[in-house]
Amino acid sequence: MSAFVPGLGQLYIGRRRLGAVVLATTALLLVVVMVASRLGPSGLVPLLLRPWVLLGLLALNVGVALLRLGCVVDAFRRAQLRRGPPPGGRYAAPLVGLAVIAGVTVAPHVAAGYFDIQAQRLVRSIAGAPGGSAPAWLQRDRVSVLLLGGDAGPGRVGLRTDTMIVASVHRSSGAVALFGLPRNLTRVPLPDRAAVAFACGCFPRPLNALYGWARAHPELFPGGPDAGAIALTGAAERVLGIPIDHYALVDMSGFVDVIDALGGVTVDVAERVRDRLSPATPGGPWRSFDIQPGRQHLDGESALAYARSRRATSDYDRMRRQRCLLATVARQADPPTLLRALPRLVPLIDRSVSTDIPARELPALAGLAAKARRDRVVTVGFTPPRFAPTRDAAGYPIVDVPAVRAAVSQALEHPEATRAGGRATAGRCG
């Protein structure tokens with residue numbers, strides 16, 4: 001009885017005062033839990049990413065576990081005293097029963113403590129710089145993050161950012177816009193300090209080479225430990241015409257691990273994707289993939305192949321699949337899914353994800369992510385010829401900055417019109 005409701009066993013054996021105190025404490029804790037549950041994911045997630053809250057919950061969890069265990073042991077001891085010794089002094093069976101009940105009582109608290117510790121590790125591993133003053137995006141009604149996918153992997157030298165997507169969330173409505181930057185886009189304007197490196201004030205090579213070039217010239221991109229990510233953030237700001245607040249970079253093996261940790265992703269495939277691709281992890285074999293049209297559940301490697309393949313299509317088809325895949329993962333990664341995946345996500349995020357998000361901003365950003373409307377996602381890819389009508393001597397498309405900025409403004413200010421134009425995320429991923 002005490003295992004299910006602390007204090008109930010004490011009332012049953014006649015320890016009414018102690019039982020009433022424990023029952024009152026239990027009722028108070030239940031009221032607190034009920035009030036907290038009414039906050040919903042958008043209210044709970046920011047709280048659960050604050051280190052002091054996690055430490056407090058861990059201490060409370062230990063206290064409640066000790067209270068419940070103490071009630072079980074006390075009820076057992078009192079019942080034994082009242083009943084008298086068992087026949088023949090055989091205490092083995094009662095003690096085994098006590099051990100089983102005590103184990104069942106403590107087990108959920110052990111699990112809760114484990115998840116609490118994993119959440120603390122996650123906060124420590126994902127956070128970038130400590131941060132000082134209040135973030136600028138709190139003064140605006142929109143926050144934007146540059147999502148970078150690196151092609152670093154076995155047999156590859158250096159890192160090129162073949163996936164560059166800016167995710168912009170409207171804080172009031174929760175509407176999301178995803179802007180895809182082609183990897184071969186050239187003459188992208190650079191931040192002022194770096195613009196003097198080239199006569200055009202831009203990067204004359206394909207955009208996916210900027211990361212490596214900036215890492216070789218870190219003095220031109222101050223402000224953080226990863227000059228490549230800072231360079232891409234500044235370049236994306238100048239192309240899109242909006243402030244970009246943070247970046248997050250994941251390599252191929254990290255992408256595979258994230259999808260697998262979430263249990264895979266279900267995608268409505270519109271067109272067949274067939275290719276043979278290099279491994280994402282050291283020691284892995286080259287694999288052939290044949291992803292058929294229709295509703296498909298993809299594991300990590302299949303999802304990576306779906307996002308990487310361009311043999312039978314083009315870079316721009318691949319970009320569309322990447323944006324759609326990202327939006328699909330966001331829709332399916334609800335709080336219960338993330339909670340179940342937490343033990344697997346923590347080590348891989350520590351290993352494969354880098355970001356400049358300060359620890360103090362994590363709660364607010366997580367709350368915004370929980371509030372994001374997964375049914376209101378607009379995606380735009382800046383593909384030629386509309387956004388790059390001309391080409392350089394090497395045949396790479398030259399970005400039309402005014403056209404890009406006009407499309408960004410249209411998507412942010414009139415998302416419904418953008419959806420009607422056919423560039424919104426639909427149920428099928430192309």
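Residues numbered from 1 in each chain as written. Predicted model: local features only at pLDDT ≥ 70, side-chain atom pairs only at ≥ 80, totals over all residues. Heavy atoms only, no water.

Q: Before we move on, could you go through the environment of F203 and cite the residues and values that matter?
A: Examined against the element boundaries, F203 turns out to sit in strand 5 (residues 202-203). Here the alpha-carbon distance between F203 and P189, two residues 14 residues apart in the chain, equals 6.4 Å. If sequence neighbours within four positions are ignored, F203 has contacts with T186, R187, V188, L190, F198, A209, L210 and W213. (Helix = DSSP H or I, 4+ residues; strand = E, 2+ residues; numbered from the N terminus. Contact = heavy atoms within 4.5 Å.)

Q: A description of the nonpolar core should follow, citing residues and the corresponding values.
A: By size, the foremost hydrophobic cluster in this structure holds 45 residues, and its most contacted members are F179, L210, L240 and F382. With eight residues, the single largest contributor to this core is helix 8 (residues 227-240). Beyond its immediate stretch of four places on either side in the chain, F382 contacts F179, G180, L181, P182, L185, L240, M319, F387, V404, A407 and V408. Core analysis: the next-biggest nonpolar cluster, separate from the first, contains 41 residues, A119, V169, L262 and V273 among them. (Core = buried A, V, L, I, M, F, W, Y, C linked by side-chain atoms within 4.5 Å. Buried < 20%, exposed > 50% of the residue type's maximum accessible area, 1.4 Å probe, protein only.)

Q: Lay out the packing of aromatic side chains in plain terms, naming residues and giving numbers.
A: A complete count under the given rule lists seven aromatic pairs for this structure. Look at F198 and W213: their rings are 5.1 Å apart centre to centre, the planes differ by 45°, and that puts the pair in the tilted class. With F198 in the loop between helix 6 (192-195) and strand 5 and W213 in helix 7 (residues 210-216), this residue pair connects regions lying 15 residues apart in the sequence. A single burial state applies to F198 and to W213, both of which are buried. Here a set of aromatic residues connected by ring pairs shows up, and it is made of F198, F203, W213 and F221. Note that R321 overlies the ring of Y306, its terminal NZ or CZ placed 5.6 Å from the centroid. (Phe/Tyr/Trp six-rings, centres within 6.5 Å; stacked < 30°, edge-to-face > 60°. Lys NZ or Arg CZ within 6 Å of the ring centre and 35° of its normal.)

Q: Please set out the pairing of strand 12 (residues 377-381) residue by residue, giving values where relevant.
A: Of all five residues that make up strand 12, five are buried, and the element is covered over most of its length. Side chains of strand 12 alternate between two faces, with V377, T379 and G381 and V378 and V380 buried alike. As paired elements, strand 3 (residues 176-180) and strand 12 share five bridges and run parallel to each other. Opposite A177, over in strand 12, you have V378 as the bridge partner. (Pairing = 2+ DSSP bridges.)

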